[in-house]
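# Survey of secondary and tertiary structure
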Amino acid sequence: MRKNNIDVEHASAPVPDATRARGSLPAVQYEGFEPSPYDEDDNRADVYQDQVDVAPPAAPIFQLGEVQCPLSAPLVSLVVSSDSLYMGLANNLIIEIELSRAEQFIRIQIPRKPNEFSIYKLFLDPSGRHLLVTSMQGENWYFYRGWKKPKQLKGFKMVIESVAWNKAALLSSSHSTSTREMLIGARNGTIYEAVLDAEEDFFKSQERYLQPVFTLPERHPVTGLKFDMFPPLDPKEALVLVTTPTRIYQFVGILDRRSDEPGRVFSTIFAKYRETAPKIVELPGNIDYSELHVYGPNADQAYSLPKIVAWMNAAGIYHGTLAFDTRTDDLIDGAQLLPYPTIVSSPSLSPTRKNDGVNNVPVSMALTEFHFLLLYRDRVLGISNLNEQLAYEELLPLKPNEQVRGLTSDPVRKTYWVYTDQAIWEIGVSNEHRDVWKIYLEQGKFDAALQYANSASQRDQIMSAQAKAYFNDGRYFQAAQCYAQCSVPFEEVTLKFLDAGERDALRSYLISRLERTRKTDLSQRMMLATWLVEFYLSKCNELDDLVASESVSQDVDNLLAERAILEDDLRHFFETYKANLDPRTVYELIQGHGRTDMYLHYATVIGDFERVVEHWVMEEEWTKAIDVINRQASQLYYRFAPVLMRQAPKETVDSWLRQRALDPLRLVPALLRLQHAPRDPLSPNHAVRYLNHVIFEQGNTSPTIHNLMITFYASTPLSSSASASTSTSQNHPEDDGPLLRFLSTAPSDPLTGKPYYDLDYALRLCKQGGRTQPCVHIYSKMGLWENSVDLALEKGDLELAKINADMPEDDDQLRKKLWLKIAKYVVQDKQDIKMAMRFLENTELLKIEDILPFFPDFVVIDDFKEEICTALEGYSAHIDALKAEMDEATKNAEAIRQDIAALQKRFVTLDAHERCSSCALPLMARQFYVFPCHHTFHADCLIGLTKEFLPAHALRRILALQTELMKTSHTTGIDRSAIANPSLITGAGAGAPGRQPASQRTLLSTNLAGGGRSGGAANGFGRSVLSAGDRLRDLISPDALANLVTAPAGWIPGIGLGSGGGGGGGATKRDAGEKDAEKAERMRRELEDVLAANCPMCESVVAGLDKPFVQPGEVDASWDL
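Rules of the game
Residues numbered from 1 in each chain as written. Predicted model: local features only at pLDDT ≥ 70, side-chain atom pairs only at ≥ 80, totals over all residues. Heavy atoms only, no water. Helix = DSSP H or I, 4+ residues; strand = E, 2+ residues; numbered from the N terminus. Buried < 20%, exposed > 50% of the residue type's maximum accessible area, 1.4 Å probe, protein only. Contact = heavy atoms within 4.5 Å. Areas by Shrake-Rupley, 256 points an atom, 1.4 Å probe, with all protein chains shown as cover. Pairing = 2+ DSSP bridges. Axes fitted to C-alpha atoms, helices over the stretch in contact; angles between N-to-C directions. Patch = residues over 30% accessible without salt bridge, like charges linked within 9 Å, V, L, I, M, F, W, Y side chains within 5 Å. Salt bridge = Lys/Arg side-chain N within 4 Å of Asp/Glu carboxyl O. Core = buried A, V, L, I, M, F, W, Y, C linked by side-chain atoms within 4.5 Å. Phe/Tyr/Trp six-rings, centres within 6.5 Å; stacked < 30°, edge-to-face > 60°. Lys NZ or Arg CZ within 6 Å of the ring centre and 35° of its normal. Polar contact = N/O pair within 3.5 Å; in protein donor to acceptor, adjacent residues only side chain to side chain. Left-handed = near helix turned anticlockwise from the far one by under 90°. Parallel < 35°, antiparallel > 145°, perpendicular 65-115°, else oblique. Nonpolar A, V, L, I, M, F, W, Y, C, P; charged D, E, K, R; others polar.

Looking only at helices and strands, one finds 39 helices and 31 strands in the protein. The burial tally for the protein puts 44% of its 1121 residues in the buried class. Sequence-distant contacts, at least 24 apart, represent 55% of the contacts inside the protein between residues at least 6 apart. Accessible surface for the protein amounts to roughly 60,200 Å². Of this, 52% is attributable to carbon and sulfur atoms.

This is the structure we're talking about:
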């Protein structure tokens, strides 16, 4: 099936290449085709463009398109619903077409011969699933979509003229096979209630229910039948519309839902009309057919109700709206009769049809949203249901002897179809709303016209007409709003309102125009906004005058309310359009009208807080000025701080405390204003309160702030009664409390431990103010303890002097010296012996004998005899304690000597093959040492190991002993290599063949550097010794020390190896030699004690616990895999 669209407007299209064939022409400038000066997003751009450019041709309302569909026989009836199309042909063939798959045809043959059965009408339900095929013989067939062939309804023995389907039930369930309750109108005037079900049931036929419910009294054919249940979601009532060729009936009643079985729903509705007549409208005519149509905007929804009803009859189109919420039996509201237009017959019609008397009556009709589509024998007309004017007309391209059959519509998809016995056309609804706005505009229905306006020019025309209508009716505010939305010139509108004296409406118009003006039009926006400010201020003054003149009238409350609303509007206007106002101009306007409240509000809105604060300062409204400052940035705090601090110190400081971002240094000038200002002694110093907060709460460390705090404390008068001449000589400790508390609790620098304030500056201020205690405290902070005690004594404050005397806790000598100063002051200046005695009880540093020199010579001893006796008894007890300690020490020394003697007798048994723990050579080869841990070392090996971990002072002592012993050795001139009897050396072996060569017994530091085997034990430990002792270690010679330590007494000069010359000279020499021998033996023993005090092997292990096994730079391959 193919469609050929026909241009219903019959407008001839231009030839595409016509202009090209003429050749090129010079460019012509046409006036009025300039580009729009407005942006694309501006509404006025559309208006301008529509006024300048040529409007393109509007799309037609309807378009008639032929459907190419071959027909095997004349077409008798056609129905469409939910995109399902069924055609009934004269040869009893039913053709089903799914419009979504128009190329597929399904043919259903009625098994009857044309002379036995002829199709009369087809009826299709809204879902497109159930089809009724009726005939003039009274035989009816039923077809369900998906069946192969139809089934005869044997119980339906009537000629069916109309069917009312249950739209809600059929559209709400797409899988149900039942038609649910439906009404059937017969030719004999009887209305039947029936139910069909396509479900296959062996015991039941498709005719589940059929029952006549009403018979029209005149028994005319029921040409139209519709019903709707309402409310849609909970149906309780139903409206049934029934039409005959001359009458329309309305049946309204309550549904019968007592039975769960389908059917028997409408019996109660029609039952009450058996005795009473329903609502009837009769329009006589001379035709035997009529049509009933309803239209709803949401007909595709199951539970929607129709909105418009139209009945085509001989007299015209009876139409109205359905009001389901009415309580009467007449639900057709605003019913009107539209007579048919006069039709001039087409020349293509046959003479017989031209002379047909009923040519003026349409063959069929259809109902759209805004039009009645009327089908005549040669044309299609569209009449607007809004103004009843002809809006569309198109002739049908009929063939000779082609007969028009009818006009049908798809109520769900809203498609419309015209069919003859030979062809089918579809009426496409393409632009039905095209002229709706104009019709509503002519009728004065501006809101409805705006709803259907499609362009800016249309909206502009509507708004202009509406504005004029409002203005003429005296509805000036509504007119102002409409004028602001249309293209009527600004000057014309403003003059209109000014001439009418409607300044309030003009203000509304200006506000609307300002809202619609582009933000880039700065000049226009500024002029409009400034003019509006003038309007607002004038209106406020006008209301003020009215309030003053009608102070005794009852309208004062209304005027006050109106003024309050207007002032709120002006405030909101300032907030909204502050960017479009010039501050200087607005200030002048407001001041000219004397509106101080608006002056302050506008300044606040634009952030000009400085002007607001200046105003309140001039008015001496200090609290309000502070409130304004609190709402802005911190700059105004500094500017107005001096005056506010002087006039309202408490409130000013309270506002400062809430602003942690303030810089206290910039507030110092304002704070200094309070230093010499007269102040109530009972009121607190608010400058001090702020400085306390800054220092202790905010942790400010600026020396300026700390010094300022001391300035306030030190400059406070000492007492209200003290005169200036005596203020420096009198003490007022009760007035020094705040200053002392600050000096003692002020934070200090954690790095230096000193306070942040300047001690010299504080001392100078306190001296000038005669504040003794603070001066003493500052002296103690500076570490000048003697000065602090002297000053305290100078002022006669003994307790303060005592406190400061105890402060240097780490220096007992200084404390004693300070206490002696105090004691001297008590004894000599106070001359109070008893106080001096009590004074000794306060300290343990002084005794009675310390203060006795301070007493004068004539003092009687009886005054402190008791104290002297007590001191002597204490000394006696102390002497006894010392004696007991000395006896205990003597006993301990004797015990130690006995232990030492026992240790000298201790011995260790060694194997003859024992080896040195350091060099691994036979131990007996030369002098050796054995330790309790059973480590054994040669003497030189022991010295080499020991010197690596000894501290520097021990190394220095060893060097001193080595030097002394070596001096003694060199003075004798003995050649140690010539000694022939080494067996005299105590503890040495019998010979020395195993002794190392001289090249191998060099300094231990050299051996360690070479990585010798003997240096392994001390290697790790030696690196841990500080490099400061490396030179001392290099100066120690292990071989030389070994010889010196182990040398027999006779080898040292003057010890048993000298000649035995007699005489006194020999005795003297022997005495000197014995003394030298004793001295050398003593040094040798001391040297031996230092070297052999601990086992070097064990000591190196303990000292090297935190050292790595392999030192950096060493290569140890013993762990390699």
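Moving on to helix H16 (residues 609–618). Within H16, the full set of buried residues consists of Phe609, Val612, Val613, His615, Trp616 and Val617. Those residues of H16 that are buried are in contact with helix H15 (596–605), helix H17 (622–630) and helix H18 (635–647). Looking one or two residues past H16, Glu620 carries a phi angle of roughly 60°, positive in sign.

Now for the sheet that holds strand S17 (residues 247–254). Taking strand neighbours across the sheet as the criterion, the four strands line up as S15-S16-S17-S18 in an open arrangement whose pairing is antiparallel. If you trace the sheet from one side to the other, it starts and ends with strand S15 (224–230) and strand S18 (279–282), each paired once. In this sheet, adjacent strand axes meet at a mean angle of 10° when their direction is disregarded. Bridging between S15 and strand S16 (residues 237–243) involves seven bridges; their strand directions are antiparallel. Bridging from a neighbouring strand, Lys226 pairs with Leu241 of S16.

Among the surface-exposed residues, Val1101, Val1102 and Leu1105 lie close enough to one another that they form a single nonpolar patch of about 330 Å² accessible area. Leu1105 gets classed as exposed once you look at its relative accessible area, which sits at 67%.

This brings us to the sheet that holds strand S5 (residues 93–98). With antiparallel pairing, the four strands of this open sheet are ordered in space as S3-S4-S5-S6. Two strands bound the open sheet, and with one partner strand each, they are strand S3 (75–81) and strand S6 (101–109). Pairs of neighbouring strands in the sheet enclose a mean axial angle of 20°, with direction left out of account. Note: strand S4 (residues 84–89) against S5, five bridges, orientation antiparallel. Bridged to Tyr86 within S5 is Glu96.

Attention now moves to the nonpolar core. Tyr483, Phe497, Tyr509, Phe573, Phe574, Trp656 and Leu671 are the most contacted members of the largest nonpolar core, which totals 100 residues. Sort the elements by how many residues they give to this core and helix H12 (residues 522–549) lands first, with ten residues. Those residues in contact with Tyr483 that sit more than four places away from it in its chain are Ala467, Lys468, Phe471, Val488, Val493, Lys496, Phe497 and Tyr509.

So, on to the pattern of salt bridges. Applying the stated criterion across every chain, the model contains 33 salt bridges. In this structure, Asp83 engages Arg413 in a salt bridge whose closest nitrogen and oxygen atoms are separated by 3.7 Å. One end of the pair, Asp83, is in the loop between S3 and S4; the other, Arg413, is in the loop between strand S27 (404–410) and strand S28 (415–420), with 330 residues separating them in the sequence. Relative accessible area serves as the criterion here: at 26%, Asp83 is assigned to the partly exposed category. We classify Arg413 as partly exposed; its relative accessible area is 47%. A network of salt bridges, in which partner residues are shared, links Asp544, Arg563, Glu567, Arg595 and Asp597.

A few words now on the packing of aromatic side chains. Under the defined criterion, the tally for this structure stands at 28 aromatic pairs. Taken together, a centroid distance of 5.2 Å and an interplanar angle of 50° make the contact between Tyr587 and Tyr599 tilted. Of this pair, Tyr587 sits in helix H14 (residues 583–593) while Tyr599 sits in helix H15, and the two are twelve residues apart along the sequence. Residue Tyr587 is classed as buried on the basis of its relative accessible area of 5%. With relative accessibility at 10%, the residue Tyr599 sits in the buried group. The rings of Phe471, Tyr476, Tyr483, Phe490, Phe497, Tyr509, Trp531 and Phe535 are connected pair by pair, giving a single aromatic cluster. Over the ring of Trp147 we find Lys151; its NZ or CZ atom is 4.7 Å from the centre of that ring. Here Lys496 stacks its cationic end above the ring of Phe471, 5.4 Å away from the centre of that ring.

This part covers the side chain of Ser77. Within the secondary structure, Ser77 sits in strand S3. Overall, the relative accessible area of 5% leaves Ser77 in the buried class. A polar side-chain atom of Ser77 sits 3.2 Å from the main-chain amide nitrogen of Leu122.

Glancing now at unusual backbone geometry. A cis geometry characterises the amide bond from Phe230 onward to Pro231, with omega recorded as -5°. Topologically, Pro231 is positioned in the loop between S15 and S16. The backbone of Arg180 sits at a positive phi, close to 55°, despite the residue not being glycine. Inspection of the secondary structure puts Arg180 in the loop between helix H3 (167–172) and strand S12 (182–186). Phi at Glu388 is positive, roughly 60°, even though this residue is not glycine. With respect to the helices and strands, the residue Glu388 is situated in the loop between strand S25 (379–384) and strand S26 (390–395).

Mapped onto the elements of the fold, Ser290 is located in the loop between S18 and strand S19 (291–295). For Ser290, the side chain forms a polar contact with the side chain of Trp311, separated by 3.3 Å.

With that settled, the discussion passes to the pairing of strand S7 (residues 119–124). The pairing of S7 with strand S8 (residues 130–135) spans five bridges and is classified as antiparallel. If you follow Ile119 over to S8, its bridge partner there is Ser135. As consecutive antiparallel partners, S7 and S8 are separated by five residues, and within that stretch Gly128 has a phi angle of approximately 75°, a positive value.

We now examine the packing of helix H21 (residues 686–697) against helix H22 (residues 703–715). Here H21 crosses H22 at 145°, and the two axes come no closer than 10 Å. Seen from above, H21 lies across H22 with left-handed handedness. For the pair formed by H21 and H22, the contact residues are Ala687, Val688, Leu691, Asn692, Val694 and Ile695 on the first element and Ile705, His706, Leu708, Met709, Phe712 and Tyr713 on the second.

Between H12 and helix H13 (residues 556–576), the least distance of the axes is 10 Å, while the angle of their chain directions is 160°. Regarding the angle of H12 to H13, the classification is roughly antiparallel. As H12 runs across H13, the sense of the crossing is left-handed. On H13, the residues that touch Ala529, Leu532, Val533, Tyr536, Leu537, Lys539, Cys540, Leu543, Asp544, Leu546 and Val547 of H12 are Val556, Leu559, Leu560, Glu562, Arg563, Leu566, Glu567, Asp569, Leu570, Phe573 and Phe574. For the contact of H12 with H13, a count of residues per class yields 16 nonpolar, no polar and six charged.

This part covers the environment of Arg956. Note that Arg956 resides in helix H33 (residues 952–972). Each C-alpha atom, one on Arg956 and one on Leu1035, is 9.9 Å from the other, the two residues being 79 residues apart in sequence.

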